[in-house]
Amino acid sequence: MSCSPFDLKEYFLRELPSPQRVQVEAHVNHCPACREELERLQLTEAALFSLRDEEIPQRIAFVSDQIFEPSPVRRWLSGFWGSTARLGFASAAMLSASIFYFAATRPAPAPDRTAVTPVAAVSPSPQEVQQQIQQAVAQAVAAVEAHQAEKNKELVAYFERQSDETLRSVRWMAGELDAYRKRAQVTRVLAQAQPVGNAQPSENGDAK
Amino acid sequence: MIFRAVEDADLIRQATRGNVESFNLLVSRWEKRVYNYLLRITANREDALDLTQDAFLKAYQNLRKLDDPGRFAPWLYRIAHNEAYSMFRKRKPETDVDEIEPGATETQVTVGGSSVFPIELSLAVASALDRLSVDQREAIVLKVYQGFKFEEMAEILSCPVSTIKSRVYTALELLKIELAPMKARGLS
């Protein structure tokens, strides 16, 4: 366990700010244990650096090829979309544009032309609004009543036509019935007259 | 260092406008470091080279998504890290990535070029690194060899800084126990 005012490893790894480094150095000068610990860390680092960096066996390089290079427009677009701030701005702009587009192209609700009168462009007073509403209601009621009266008239005419036809049918049937009765009466009369004619020869035969 | 960062930022801006040569210049500055990072976590030269190429290709394709050109290094290493772990998963899909020990199946990393240090020490270092878990080894590679800050490592590895510190400190403790005495003997 180190008695240094700050972590010796942090000092050794160059993570301490300057004022604290100075304090550690002052402490190490007077503390054999911490000095020894620091020396061991330095020996470890020196041992680690015995492993040298190697040269890369093959240099890396990229070749510019116009076929595979994106066009300036695509590069700009890619850069634009790649940026968070710009993406946020673009999103806000698209949202605004879509709101304006929706507001401009949304179809207005179709007014009921029979019941609603055109409203003046100037904002009317509450009394005028009330009057217009009453007027509109009265017009609507009158239109409904007129429509209903017309319907009733049509129904009456229909039933009258129906009753006329029924009456004609009844009259025709009565005429037919009357004619049948007459025919039946004639038949009966003839039937009564026939037996009289037939009885005379018989009576004549009986007389022989 | 700041001047270099500005230059990198300029190259990135030019590369995003389609200038391939600017990106090639950027690659030439970073390829050795990225290759060695991948070499130390895969322990295989062919894999490291393939992954380096894939990482730079992905970086080129996604360069426009890099909002802050000043964060190019952690962003590039993040891509390289993802490529390496993707390869680990493909090779051992049913094994937890932490259990994968690249050094166990591949030849161990050897010393590159001439060294003033004894060859035994280099082999001992390679062996000690191999005995660390994948996470600990990667943490040591990023911190000691690549010189990243804890915050940058947290960005590369998608971990909290506390986790990164824990991995580095534990790995450093293990390496210290094994390597410090050997190095002391070598110096004496």
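Our subject in this report is the structure included herewith. Small disclaimer: the values here were computed from a predicted structure and weren't measured. (Residues numbered from 1 in each chain as written. Chains lettered and ligands numbered in written order. Predicted model: local features only at pLDDT ≥ 70, side-chain atom pairs only at ≥ 80, totals over all residues. Heavy atoms only, no water.)

Taken together, the contacts link 56 residues of chain B with 38 residues of chain A. Interface area, chain B with chain A, both sides summed: about 4200 Å², of which 61% is carbon and sulfur. In this assembly, chain B and chain A are joined by 8 salt bridges. Salt-bridge contacts for Glu 10 of chain A lead to Lys 165 of chain B; the nearest nitrogen and oxygen are separated by 3.5 Å. Joining chain B to chain A, the criterion identifies 18 residue pairs in polar contact (both at pLDDT 80 or more). Within the residue set of the side of chain B that touches chain A, elements represented by two or more residues are helix H2 (20–42), helix H3 (45–61), helix H6 (119–131), helix H7 (134–145), helix H8 (150–157) and helix H9 (161–187) of chain B. Ranked by the residues each element gives to the side of chain B that touches chain A, the list is headed by H9 of chain B, at 12 residues. (Contact = heavy atoms within 4.5 Å. Buried area = accessible area lost by both parts, 1.4 Å probe. Salt bridge = Lys/Arg side-chain N within 4 Å of Asp/Glu carboxyl O. Polar contact = N/O pair within 3.5 Å; in protein donor to acceptor, adjacent residues only side chain to side chain. Helix = DSSP H or I, 4+ residues; strand = E, 2+ residues; numbered from the N terminus.)

On to H7 of chain B, then. Residue and element names in this part refer to chain B. Given a rise of 1.5 Å per residue, 12 residues ought to cover 16 Å, and the 15 Å separating the end C-alpha atoms of H7 matches this to within 8%. Across the 12 residues that make up H7, a large majority, 12, are buried. Listed as buried for H7 are Val 134, Asp 135, Gln 136, Arg 137, Glu 138, Ala 139, Ile 140, Val 141, Leu 142, Lys 143, Val 144 and Tyr 145. Positive phi shows up at Gly 147, right after H7, with a value of about 70°. (Expected span 1.5 Å × (residues − 1). Buried < 20%, exposed > 50% of the residue type's maximum accessible area, 1.4 Å probe, protein only.)

For the rest of this paragraph, the subject is the packing of aromatic side chains. Considering all chains together, one arrives at 11 aromatic pairs over all chains under this definition. Judged by centre distance (6.0 Å) and plane angle (70°), the rings of Trp 30 of chain B and Phe 72 of chain B are edge-to-face. With Trp 30 of chain B in helix H2 and Phe 72 of chain B in helix H4 (residues 72–91), this pair connects stretches of sequence that are 42 residues apart. For the residue pair Trp 30 of chain B and Phe 72 of chain B, the accessibility class agrees, reading buried in each case. When the centroid spacing of 5.1 Å and the interplanar angle of 50° are considered together, the rings of Tyr 37 of chain B and Tyr 77 of chain B count as tilted. Of this pair, Tyr 37 of chain B sits in helix H2 while Tyr 77 of chain B is found in helix H4, placing the two residues 40 residues apart along the sequence. Under the relative-accessibility criterion, Tyr 37 of chain B is labelled buried at 0%. Three or more aromatic residues joined by ring pairs form one cluster here, namely Phe 62 of chain A together with Phe 23 and Tyr 60 of chain B. (Phe/Tyr/Trp six-rings, centres within 6.5 Å; stacked < 30°, edge-to-face > 60°.)

The subject of this paragraph is the packing of helix H2 (residues 18–30) of chain A against helix H3 (residues 32–48) of chain A. Residues and elements named next belong to chain A. Running from N to C, H2 and H3 point in directions that differ by 110°, and their axes come no closer than 6 Å. As judged from the angle between their axes, H2 and H3 are roughly perpendicular. As for how H2 packs across H3, the hand of that crossing is left-handed. Listed contacts from H3 to His 27, Val 28, Asn 29 and His 30 of H2 are Pro 32, Cys 34, Arg 35 and Leu 38. Counted by class, the contact of H2 with H3 contains 4 nonpolar, 3 polar and 1 charged residues. (Axes fitted to C-alpha atoms, helices over the stretch in contact; angles between N-to-C directions. Parallel < 35°, antiparallel > 145°, perpendicular 65-115°, else oblique. Left-handed = near helix turned anticlockwise from the far one by under 90°. Nonpolar A, V, L, I, M, F, W, Y, C, P; charged D, E, K, R; others polar.)

Turning our eyes to something else, we now look at unusual backbone geometry. All names here are of chain B. Unusually for a residue other than glycine, Ala 43 sits at a positive phi of about 60°. Turning to its location among the elements, Ala 43 is positioned in the loop between H2 and H3. The residue Ser 158 is not glycine, and still its phi comes out positive at about 55°. Counting through the fold element by element, Ser 158 comes out in the loop between H8 and H9. Residue Ser 158 is classed as partly exposed on the basis of its relative accessible area, which comes to 49%.

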